[in-house]
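Take a look at the letters that make up each chain.
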Amino acid sequence: MGAKQMCKDCQNFIEKGSKILDLGCGSGIAAENFQDFFDAKVIGADIKDNRVLDIPFRIIDGGNLPFRNLFFDIVLINYVLHHAQDPERLLKEAKRVSKKIIIYEDLPEGILSKLR
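Each chain carries its own residue numbering, running from 1 in the written order of its sequence. Given that this is a predicted model, residues contribute local features only at a pLDDT of at least 70 and side-chain atom pairs are listed and counted only at 80 or more, while totals for whole chains, interfaces and linings are drawn from all residues. Hydrogen atoms and water are omitted, and side-chain values are computed over all heavy atoms in the structure.

**Q** Break down the packing of aromatic side chains for me, with residues and values.
**A** Here a ring pair, both rings aromatic, is described through the centre-centre distance and the interplanar angle of the planes. In this analysis, rings of Phe, Tyr and Trp, with Trp reduced to its six-membered ring, are considered paired at centre separations within 6.5 Å, and the interplanar angle assigns stacked below 30 degrees, edge-to-face beyond 60, and tilted for intermediate values. Per the counting criterion, the structure on display carries six aromatic pairs. Judged by centre distance (5.9 Å) and plane angle (15 degrees), the ring pair of Phe67 and Phe71 falls under stacked. Each member of the aromatic cluster is reached from another via a ring pair, and the members are Phe34, Phe37 and Phe38. Throughout this description, the term charge over a ring refers to an Arg CZ or Lys NZ atom that lies within 6 Å of the ring centre and within 35 degrees of the ring normal. If you follow Lys16 out to its NZ or CZ, it ends over the ring of Phe37, 5.3 Å from the centre. Across the ring face of Phe71, the terminal group of Lys19 is positioned such that the distance to the ring centre comes to 3.9 Å.

In structure tokens, the structure reads:
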């Protein structure tokens, strides 16, 4: 799903000017789109730096998030949970550092998707 469409899908859940953590931000494309669309302050976080865009960024260890409790209004988890070694722990940390969590995730449909 494209980042612009994701922003549109989230219009009812994110207020303008929100502070957003893009957890597992990868290239940073979604983070930049959310920043522009919502006039938000967005910080990307990932286990390694794969950004192609210059967004604020923090390296994380995949479990503990280096932010204080309720630091963010939103944590965006965009196609990340299936990569996490401990997704439950990651979700608990997301809950700790934010007021809301928005999750986009692939769900395998059929045998070909499961194999891929």
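**Q** Go over the pairing of strand E5 (residues 98-104) with me, naming the residues and quoting the values.
**A** The pairing criterion for strands is at least two bridges between them, as found by DSSP. Secondary structure elements follow DSSP: runs of H or I of four or more residues count as helices, runs of E of two or more count as strands, with numbering from the N terminus. Where strand E4 (residues 72-78) meets E5, six bridges bridge the pair, whose relative direction is parallel. Among the inter-strand pairings, Val75 is bridged to a residue of E5, identified as Ile101. With the strands pointing away from the viewer, any crossover whose connection runs clockwise from the first strand over the helix to the second is right-handed. Tracing the backbone out of E4, into helix H3 (residues 87-97) and back to the parallel element E5 gives a crossover that is right-handed.

**Q** Run through H3, naming residues and quoting values.
**A** Note that an α-helix has 3.6 residues per turn; residues three or four places apart therefore point the same way. Each residue is placed in one exposure class: buried if its accessible area under a 1.4 Å probe, protein chains only, is under 20% of its type's maximum, exposed if it is over 50%, and partly exposed if it falls in between. For H3, every residue scored as buried is listed here: Leu90, Glu93, Ala94 and Val97. Within H3, the buried residues cover an arc of 105 degrees as seen down the axis, which keeps them to one side. In H3, the exposed positions that point more than 90 degrees away from the buried face belong to Glu88, Lys92 and Lys95. Whether two residues are in contact is decided by their heavy atoms: any pair within 4.5 Å suffices. Buried positions along H3 lie against strand E1 (19-23), E4 and E5. Arc, as used here, means the arc of the directions from the helix axis to the C-beta atoms.

**Q** Run through the state of the cysteines, naming residues and quoting values.
**A** A covalent bond bridging the sulfur atoms of two cysteines is what the word disulfide describes. In this description, the term disulfide denotes a pair of cysteine sulfurs within 2.5 Å. The final tally for this structure, using the stated rule, is zero disulfides. Among the cysteines around Cys7, which has no disulfide bond, Cys10 carries the closest sulfur, lying 7.0 Å off. Among the residues examined, Cys7 registers a relative accessible area of 0% and is labelled buried.

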